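# A closer look at the structure
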Amino acid sequence: MEKGAEGLRDEIETGADTAYLQAGTPAYRRASRILFVAGFSTFATLYCVQPLLPDFVREFGVTPAESSLSLSLTTGVLAVALLVAGAISDGIGRKPVMVAALLGAGVLGIIGSLMPGWHGFLAVRALEGLALSGLPAVAMAYVSEEVDPKSAGVAMGLYIGGTAIGGMSGRVLTAVVTDLGSWRLAVGVVGALAVAAAVTVWLALPPSRHFVRRAAGLPALVRAWRALLTDPVLLGLFSLGFLLMGGFVTVFNYIGFRLSESPFELRPAVVGAVFLVYSFGVVSSPLFGAWSGRFGSHRTLAAAVALMVAGLALMEIDGLFAIAAGIALFTFAFFGAHSIVSAWIGRRAAIARGQASSIYLFCYYLGSTLAGTLGGLFWHGFGWTGVAAFVGLLLAVAVGVTAGLQRSR
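The residue numbering used here restarts from 1 in each chain and proceeds along that chain's sequence as written. The predicted origin of the model limits local features to residues at a pLDDT of at least 70 and limits the giving and counting of side-chain atom pairs to 80 or more, whereas totals for whole chains, interfaces and linings rest on all residues. The side-chain figures draw on all heavy atoms in the structure; neither hydrogens nor water molecules are used.

### Describing the overall build of the chain
Helix and strand counts for the chain come out as 17 helices and zero strands. The buried label applies to any residue whose accessible area, calculated with a 1.4 Å probe on protein chains only, is under 20% of its type's maximum; exposed applies above 50%, and partly exposed to all values in between. Burial statistics for the chain: of 409 residues in total, 58% are counted as buried. Residue pairs in contact within the chain that sit at least 24 positions apart in sequence constitute 83% of those at least 6 positions apart. Accessible surface computed for the chain: about 15400 Å², of which carbon and sulfur atoms make up 70%. In this description a helix means any DSSP run of H or I spanning at least four residues, a strand means any run of E spanning at least two, and both kinds are numbered starting from the N terminus. Contacts were defined at the residue level, with two residues in contact if any of their heavy atoms lie within 4.5 Å. Areas reported as accessible are Shrake-Rupley estimates using a 1.4 Å probe. Residue values count occlusion only from the protein chains shown.

Structure follows, in structure tokens:
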């Protein structure tokens with residue numbers, strides 16, 4: 001730990017611009033690192049089970065589609081709880097909610113590693129989704145409020161880059177530890193890392209300087225939702241969360257099955273190495289954020305969706321090199337699109353940013369839950385070609401939505 005909240009606050013107050021955190025300043029870089037840690041831990045916890053689905057099939061005797069519930073159930077509960085978490089943070093503040101989310105998820109992760117039965121493990125994973133709901137939308141709102149608007153796209157990209165590294169590390173770490181030891185040890189290690197992240201955020205993240213407390217009651221919530229859900233641009237952006245995340249999670253849910261079967265028959269640690277492509281998200285998130293400021297969000301978003309389509313096409317080729325290139329391109333483009341849409345929502349929603357982010361992430365994780373599980377039916381009936389066709393359909397609709405946003409300018 002480098003410095004506590006007081007030291008970080010002093011740096012902010014003595015910066016060139018005391019109103020907002022500005023890119024390039026020491027205060028901006030330090031605050032970004034703490035948010036990176038928060039995003040890292042959240043997504044490591046959420047997605048650590050994804051490379052373990054074949055292990056669950058072997059140990060608990062469930063089907064591939066049933067094994068995906070270890071992720072889909074978590075994201076489903078997370079999606080619904082996000083609608084409340086954003087409103088709570090609008091009422092009590094950003095930092096307390098984020099710290100509680102990480103601490104709760106970490107403790108539950110350790111408990112989950114000790115559960116002897118499948119249904120008990122699923123129950124703990126559902127509770128983890130409830131706990132984690134206190135971070136993603138709240139962190140997005142924190143960035144929108146505390147960072148200079150000119151730097152918001154890059155800052156959001158850096159936060160999302162942290163989520164990309166977290167998702168990658170959680171998957172790779174659990175795959176490697178499982179190969180060397182057991183999946184239970186791997187899940188427990190990820191839980192312990194979340195507890196450490198909670199302590200880090202509590203000690204080092206500066207308190208909000210621009211947070212304005214808002215009424216958190218049902219009437220205020222209904223008024224905010226009415227305003228947000230009658231904006232056609234926001235509706236389009238919310239739907240993209242469902243479509244793009246649904247396709248992304250479906251690919252990563254079932255690519256491990258493809259690579260572990262004939263003709264590839266790769267070991268679990270090698271299959272887990274596929275998730276190293278998440279490192280491309282660290283590059284693409286701030287890069288696309290900067291490009292959107294230069295070329296416009298509409299054009300940059302259209303390019304990102306087109307690249308996802310190209311990556312999916314490469315994954316249809318029966319060759320490890322082509323599949324790896326396709327996954328890399330697909331991942332690079334997905335995180336770029338996610339960073340553009342996230343920053344766009346923060347700019348578009350002038351009020352109730354926490355709730356706007358919550359609705360977007362509700363759609364985002366609902367796509368993960370529904371598409372991720374439905375993809376199992378396509379895998380069971382048609383193999384990888386069926387999965388690719390399903391994801392292609394989601395991306396085709398996303399292309400149409402993106403074109404509609406272009407016309408709405």
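### Overview of the packing of helix α6 (residues 94-112) against helix α7 (residues 118-132)
Axes here refer to lines fitted to C-alpha atoms; in helices the fit is confined to the stretch in contact. Angles between the N-to-C directions go from 0 to 180 degrees. One can describe the packing of α6 onto α7 by two numbers: an axis separation of 8 Å at closest approach and a directional angle of 170°. As summarised for this structure, α6 and α7 are arranged roughly antiparallel, according to the angle between their axes. Counting all contacts with α6, which are made through Ala101, Gly104, Ala105, Leu108, Gly109, Ile111 and Gly112, the residues of α7 involved are Phe121, Val124, Leu127, Glu128, Ala131 and Leu132. Residue polarity follows a fixed list, in which Ala, Val, Leu, Ile, Met, Phe, Trp, Tyr, Cys and Pro are nonpolar, Asp, Glu, Lys and Arg are charged, and the others, Gly among them, are polar. Taken together, the residues that form the contact of α6 with α7 break down as nine nonpolar, three polar and one charged. Any angle from 65 to 115 degrees is called roughly perpendicular, while one under 35 is roughly parallel, one over 145 is roughly antiparallel, and all others are oblique.

### Overview of the packing of aromatic side chains
Between rings of Phe, Tyr and Trp, where Trp is taken as its six-membered ring, a pair exists when centres lie within 6.5 Å; planes separated by under 30 degrees are stacked, by over 60 edge-to-face, and by other angles tilted. Scanning all chains against the criterion turns up 22 aromatic pairs. Residues Phe60 and Trp183 carry aromatic rings whose centres are separated by 5.9 Å and whose planes lie at 65° to one another, so their mutual orientation is edge-to-face. Taken together, the positions of Phe60 in helix α3 (residues 53-60) and Trp183 in helix α10 (residues 183-204) put the pair 123 residues apart, joining distant regions of the chain. The same class applies to Phe60 and to Trp183, which are both buried. A ring pair is formed by Tyr254 and Phe257, whose centres lie 6.1 Å apart and whose planes are at 25°; its orientation type is stacked. Of the two residues, Tyr254 and Phe257 both sit in helix α12 (residues 232-260), three residues apart, roughly one turn of that helix. Look at Tyr254 and you get buried, because its relative accessible area is 0%.

### Looking at the side chain of Arg125
Along the polypeptide, Arg125 turns up in helix α7. Of note is the side chain of Arg125, whose polar atom sits 2.7 Å from the backbone oxygen of Leu46. When neighbours within four sequence positions are excluded, Arg125 is seen to be in contact with Thr45, Leu46, Cys48, Val49, Ser70, Leu71 and Thr74. Identification of polar contacts relies on pairs of N or O atoms within 3.5 Å, with a donor-acceptor requirement for protein atoms, meaning one able to donate a hydrogen and the other able to accept it, and with residues adjacent in sequence counted only if both atoms are side-chain atoms.

### Focus: the pattern of salt bridges
A side-chain nitrogen of Lys or Arg and a carboxyl oxygen of Asp or Glu constitute a salt bridge if their distance falls within 4 Å. In the structure shown here, the tally under the stated rule is five salt bridges. Between Glu59 and Arg184 there is a salt bridge whose closest N-O contact spans 3.2 Å. Pair noted here: Glu59 is in helix α3 and Arg184 is in helix α10, with a separation of 125 residues, a long-range link. By relative accessible area, Arg184 is classed as partly exposed at 22%.

### Structural notes on the nonpolar core
In terms of nonpolar packing, the biggest core is built from 114 residues, with Phe56, Leu244, Leu301, Phe330, Tyr365 and Trp384 touching the most fellow members. Among the elements that take part in this core, helix α17 (residues 353-407) stands out by supplying 18 residues, more than any other. Here Leu301 is in contact with Leu240, Ala337, Ile340, Val341, Trp344, Thr402 and Leu405, once residues within four sequence places are set aside. Nine residue types can take part in a nonpolar core, namely buried Ala, Val, Leu, Ile, Met, Phe, Trp, Tyr and Cys, and a core is a set of them joined through side-chain atoms within 4.5 Å.

### Looking at the confidence of the model for the chain
Confidence of the predictor at the level of single residues is given by pLDDT, which spans 0 to 100. Summing up the model confidence of the chain, the mean pLDDT is 81 and the portion of residues at 70 or higher is 86%. Ranking the elements of the chain by mean pLDDT puts helix α1 (residues 5-13) last, at 39, and α7 first, at 93. With pLDDT under 50 throughout, residues 1-17 is counted as low confidence; its partners more than four residues away or in other chains account for 32 contacts.

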